[in-house]
There are 2 protein chains.
Amino acid sequence: MPKSVMNYCPQCGNKTESKIPDGDNCYRDVCEACDLIHYQNPRIISGCIPVWEDKVLLCKRAIQPRKGLWTLPAGFMELGETTEQAAVRETLEEAEAVVKTNELYAVFNLPHIDQVYTIYRAVLLKPEFSSGIESLDVQLFAENEIPWDELAFETMQLSLEYYFQDRKAGSFKFRSTDIEKPTVR
Amino acid sequence: MPKSVMNYCPQCGNKTESKIPDGDNCYRDVCEACDLIHYQNPRIISGCIPVWEDKVLLCKRAIQPRKGLWTLPAGFMELGETTEQAAVRETLEEAEAVVKTNELYAVFNLPHIDQVYTIYRAVLLKPEFSSGIESLDVQLFAENEIPWDELAFETMQLSLEYYFQDRKAGSFKFRSTDIEKPTVR
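If you're wondering where the values come from, they're calculated on a predicted model, not measured in any experiment.

## A closer look at the sheet that holds strand S3 (residues 36-38) of chain B
Residue and element names in this part refer to chain B.
Part 1 of the reasoning: Pairing is antiparallel in the open sheet, where 3 strands are placed in the order S1-S2-S3. The open sheet terminates on both sides in strands that have one partner only, identified here as strand S1 (17-19) and S3. For this sheet, the mean angle separating the axes of adjacent strands, direction not counted, is 40°.
Part 2 of the reasoning: The pairing of S1 with strand S2 (residues 28-31) spans 3 bridges and is classified as antiparallel. From the neighbouring strand, serine 18 faces S2, where its bridge partner is aspartate 29.

## Details of the relation of the copies chain B and chain A
Part 1 of the reasoning: Under the fitted operation, chain B is carried onto chain A by 0.0 Å of movement along the axis and a turn of 180°, and the coordinates agree to an RMSD of 0.0 Å. The symmetry that links the two subunits is that of a two-fold axis.
Part 2 of the reasoning: Here 100% of the contact residues of chain B are again contact residues in chain A; the copies associate through an equivalent surface.

## Description of the confidence of the model for chain A
Part 1 of the reasoning: Here chain A shows a mean pLDDT of 94. Residues at 70 or above account for 96%.
Part 2 of the reasoning: Confidence metrics for the complex model read pTM 0.94 and ipTM 0.93.

## Quick notes on the pattern of salt bridges
Part 1 of the reasoning: Per the stated rule, a full pass over the model turns up 20 salt bridges over all chains.
Part 2 of the reasoning: Arg89(A) is the salt-bridge partner of Glu81(A), the closest N and O atoms lying 2.7 Å from each other.
Part 3 of the reasoning: A relative accessible area of 10% places Glu81(A) in the buried class.
Part 4 of the reasoning: For the salt bridge of Asp24(B) with Arg28(B), the shortest nitrogen-to-oxygen distance reads 2.8 Å.
Part 5 of the reasoning: A relative accessible area of 23% places Asp24(B) in the partly exposed class.
Part 6 of the reasoning: Judged by its relative accessible area of 7%, Arg28(B) is buried.
Part 7 of the reasoning: Connected through salt bridges with shared partners, the residues Glu81(A), Arg89(A), Glu90(A) and Glu93(A) form a single ionic network.

Reading the values: the criteria
- Residues numbered from 1 in each chain as written.
- Chains lettered and ligands numbered in written order.
- Predicted model: local features only at pLDDT ≥ 70, side-chain atom pairs only at ≥ 80, totals over all residues.
- Heavy atoms only, no water.
- Pairing = 2+ DSSP bridges.
- Helix = DSSP H or I, 4+ residues; strand = E, 2+ residues; numbered from the N terminus.
- Axes fitted to C-alpha atoms, helices over the stretch in contact; angles between N-to-C directions.
- Least-squares fit on C-alpha atoms with pLDDT ≥ 70 in both.
- Contact = heavy atoms within 4.5 Å.
- pLDDT = per-residue confidence, 0-100.
- Salt bridge = Lys/Arg side-chain N within 4 Å of Asp/Glu carboxyl O.
- Buried < 20%, exposed > 50% of the residue type's maximum accessible area, 1.4 Å probe, protein only.

Quick look at the structure:
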């Protein structure tokens, strides 16, 4: 998702100015014509850990970034939906799989890229899935089959680590984790 | 925060078109000149329950919406910060109070207004606070003093209910709650 720079007011088309509005302490894109401040805020990516019996469903990415690497189904939350609905929708789109979510299991903050992840635990309603348009492949993996060296994102690696660790311990606990640095691969 | 309608590309100033891009299933604001899709996504509001001894710090809102009603300190998450940092910053801005956060305690989804709340448990480092520019008053309230009928938002009412309920039970558990309908007062 390329980030556009704000030069023009999206509402009226006049030039915007980057300035600190009265009573604020951050630079904002301001339209003097509309008297509007155009705020920019972090985005939420929502996904899940879809489970069938003792296996977890992963998708091989058909798109950049990290094309060819494996991920849990997840994507940008849309207007008008909840984080849970976004997770279910993304799983349907990327893995053509129907899940029922359990609880919100993990929240990750990635301030260097202005993203917050919400990851749910979920179960596949039936062992049926296939590659959505954004996936090259979709497969169920047992713990000893997880392609740890070919995971697309640190958020997914941590989600899977938490999941298998908690499953072994016999109880799942909510996690909130900050990932401060870019993942280097 | 007024919501601007997108008519013009913020990058180049040309007219945008509302259309469903190839491979997508939602209408987006598209700039044919820049070949850019301008996505819009829900926003995060982050805040905390600041506690000193057995009391909770609330702020009386000096701004709309819900001017004159009481709220936990919270506000829109900024680019480059974590939900936890946003909660601490908002408490400093609205209540001029310094807090140390405990865990992420509640997540609320409000899909009808495209908002997700993240609320932390927190402790005041010292019992010092005063009204920031967005507050008319800031006060500590014991449980039996909470102005339940003068709370600004359902998210704050629920956060306080969860907090006092869990405190009584002797252990705090993470909550994730959807608020589907607008609060009517």
